[in-house]
Amino acid sequence: MAQESAPFASSATPDPGRRHVLDPASGLAAWLTERGQPGWRAGAIRRWMHGRRAASFADMTDLPRDLRADLEAEFRIWSTSIAVHQRADDGTEKLLLALADGQRIECVLLRDGDRRTVCISSQVGCAMGCVFCASGIDGVARNLTTGEIVEQLLRLAALLPAEERLSHIVVMGMGEPLANLDRLLPALAEAQDPQGLGISQRRITISTVGLPAAIDRLAAANPGYHLAVSLHAADDALRTRLVPVNKAIGLADVMAAADRYWEASGRRLTFEYVLLGGVNDSPDHAAAVARLMGRRAALVNVIPYNAVAGMPWQEPTPAARERFLGVLRDAGINVQVRRRKGESIAAACGQLRRSAADA
Ligand code: SAH
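Trainee: Can you explain the side chain of Arg-18? Please cite residues and give values.
Mentor: Within the secondary structure layout, Arg-18 lies in the loop between β1 (2–4) and β2 (19–20). A residue is classified by how much of its surface remains accessible, and Arg-18, at 15% relative accessible area, is buried. Within the structure, Arg-18 has its side chain in polar contact with the backbone oxygen of Glu-72 (distance 2.7 Å). Engagement of the side chain of Arg-18 in a polar contact is seen with the backbone oxygen of Phe-75, the distance being 3.2 Å.

Trainee: Go over the pattern of salt bridges with me, naming the residues and quoting the values.
Mentor: One pass over the full model with this rule turns up 16 salt bridges. Glu-34 serves as the salt-bridge partner of Arg-35, at 3.9 Å between the closest nitrogen and oxygen. With its nearest N and O atoms 3.2 Å apart, the salt bridge here joins Glu-272 to Arg-338. Of this pair, Glu-272 sits in strand β13 (residues 269–275) while Arg-338 sits in the loop between β15 (334–337) and α12 (351–358); the two residues are 66 residues apart in sequence, bridging distant segments of the chain.

Trainee: Any details on the packing of aromatic side chains? Residues and values, ideally.
Mentor: Inspection of every chain in the model, using the stated rule, returns three aromatic pairs. Between Trp-31 and Phe-75, the aromatic rings sit 5.2 Å apart at their centres with planes inclined by 90°, giving edge-to-face as the arrangement. Here Trp-31 is found in helix α1 (residues 28–34), whereas its partner Phe-75 is found in strand β3 (residues 75–76), with 44 residues between them in sequence. Residue Phe-75 is classed as buried on the basis of its relative accessible area, which comes to 0%. Between Tyr-273 and Phe-324 the ring centres are 4.9 Å apart and the planes differ by 35°, which places this aromatic pair in the tilted class. Taken as a pair, Tyr-273 in strand β13 and Phe-324 in helix α11 (residues 318–330) lie far apart in primary sequence, 51 residues in all. The same class applies to Tyr-273 as to Phe-324, namely buried.

Trainee: Tell me about the nonpolar core, and please be specific about residues and values.
Mentor: By size, the foremost hydrophobic cluster in this structure holds 104 residues, and its most contacted members are Ile-169, Met-293 and Leu-328. When residues of this core are assigned to domains, at least three map to each of domain 1 (23–76) and domain 2 (81–358). Excluding anything up to four places from it in sequence, Met-293 contacts Leu-231, Met-255, Phe-271, Ala-298, Val-300 and Ile-333. Counting six residues, the second-largest nonpolar core is a separate cluster that includes Val-108, Leu-110, Val-170 and Met-172.

Trainee: Account for the site of the ligand, with residues named and values stated.
Mentor: If you check the shell around the ligand, you find 19 residues, and the closest are Glu-176, Ser-207, Ser-230, His-232 and Asn-306. The side chain of Ser-230 places a nitrogen or oxygen atom 2.6 Å from an oxygen atom of the ligand. A distance of 2.9 Å separates a nitrogen atom of the ligand from a polar atom in the backbone of Asn-306. For the ligand, the accessible surface in isolation is 540 Å², of which the surrounding protein chains cover 94%. Elements represented by at least two residues in the shell around the ligand include exactly β11 (204–208) and β13. Of the residues belonging to the shell around the ligand, the class tally is 10 nonpolar, seven polar and two charged.

Trainee: Hey, could you go over the side chain of Ser-167 for me, with residue numbers and the actual values?
Mentor: Mapped onto the elements of the fold, Ser-167 is located in the loop between α4 (146–157) and β10 (168–171). Overall, Ser-167 belongs to the buried group, its relative accessible area being 11%. Other than its neighbours up to four places away in sequence, Ser-167 contacts Asp-114, Arg-115, Arg-116, Ile-199 and Arg-203.

Trainee: Outline the pairing of β11, listing residues and values.
Mentor: The element β11 is extensively covered by neighbouring structure, given that five of its five residues are classed as buried. Examined bridge by bridge, β10 and β11 share three bridges and lie parallel to one another. Among the inter-strand pairings, Val-171 is bridged to a residue of β11, identified as Ile-206. Between β10 and its parallel partner β11, the chain crosses via helix α5 (residues 181–192), and the hand of that crossover is right-handed.

Trainee: Hey, could you go over unusual backbone geometry for me, with residue numbers and the actual values?
Mentor: When glycine is set aside, most residues are seen to have a negative phi, and most peptide bonds are trans. Positive phi, close to 70°, is recorded for His-232, a residue that is not glycine. By secondary structure assignment, the location of His-232 is in the loop between β12 (226–230) and α7 (236–242). Judged by its relative accessible area of 5%, His-232 is buried.

Quick notes on the rules
- Residues numbered from 1 in each chain as written.
- Predicted model: local features only at pLDDT ≥ 70, side-chain atom pairs only at ≥ 80, totals over all residues.
- Heavy atoms only, no water.
- Helix = DSSP H or I, 4+ residues; strand = E, 2+ residues; numbered from the N terminus.
- Buried < 20%, exposed > 50% of the residue type's maximum accessible area, 1.4 Å probe, protein only.
- Polar contact = N/O pair within 3.5 Å; in protein donor to acceptor, adjacent residues only side chain to side chain.
- Salt bridge = Lys/Arg side-chain N within 4 Å of Asp/Glu carboxyl O.
- Phe/Tyr/Trp six-rings, centres within 6.5 Å; stacked < 30°, edge-to-face > 60°.
- Core = buried A, V, L, I, M, F, W, Y, C linked by side-chain atoms within 4.5 Å.
- Domains from an automatic or database assignment.
- Contact = heavy atoms within 4.5 Å.
- Near = heavy atom within 4 Å.
- Areas by Shrake-Rupley, 256 points an atom, 1.4 Å probe, with all protein chains shown as cover.
- Nonpolar A, V, L, I, M, F, W, Y, C, P; charged D, E, K, R; others polar.
- Pairing = 2+ DSSP bridges.
- Right-handed = clockwise from strand over helix to strand, strands pointing away.

Any functional reading would require information that these geometric values do not contain.
Spelled out as structure tokens, the structure:
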């Protein structure tokens, strides 16, 4: 594990009055037009942010000097700073970003063959309270802004050499993305812009604890994203124990909403299943998952638990894991085991923030 400070200096001034230039709703283009500036300048500014990695408006040397000063007064450019940067031997890199109000969030770059996947956060903390997850231990502090979500993408993209590009996004960091859809969707739209990161929607996965009304909203707004639903148990009693929000929702409603999303999108759904040793990893549990999947065109993504310090949950034994997978495969279910990456840098969501807070 290696740690280093920020690759380029950036201030995180707590200045909520200024609009974030990375937020598509910032009104940058209209602001430029009001000043009699040509429309292409908005694109030029975005290119500085994306490709040329400007740290401030002052760096945008092809803009008139007065305009740079006016931009600085009106818009914020970076609102985060890199508090910790870790690298693991397998190429995984993790950033702990300090936000302008002192909160901290995590985001991760994963390298796998040609893939350059980023895992981003949607909230500071999480309100869902899943009993095994480090992100929700202290509840949720606030939603991230659109600009803060886009900044994670650009900070991680800036870790790549110039000839490489981000290829995939998974919204699987801290927080419940469907509880912050209004800020997430514009950020993901920005990620798709061909003039910017140009990441196609098919390569963007949103992972949810399973909030039916919000799944329906996403289906109505934009069903092109790949949806992953965190299942973790195939019966209500066990799921409510592990995922407390299930108590008020229930598996039947989660599955029905997932099916509606599938109908709207036509894309195979993913169900995530964290394997907790001795808790939800028996062959009977696997058989129940297979029954629940039934004939659905779904992929079950099995995630061996990534132990969190101070929590009582265990990783599954390799034998239990293989038995569990065997039952699913024998039932004809599409299964994938999430390979663990970045273990030496506590890459599971919420872990770095906690260990940094403890230090
Ligand atoms: N709120 C979203 C995103 C959470 S993170 C959701 O619930 O889907 C993505 C996945 O990682 C979720 O399935 C989550 O339950 C799981 N997860 C959380 N902590 C974990 C840990 N310590 N080990 C393995 N998986 C974990």
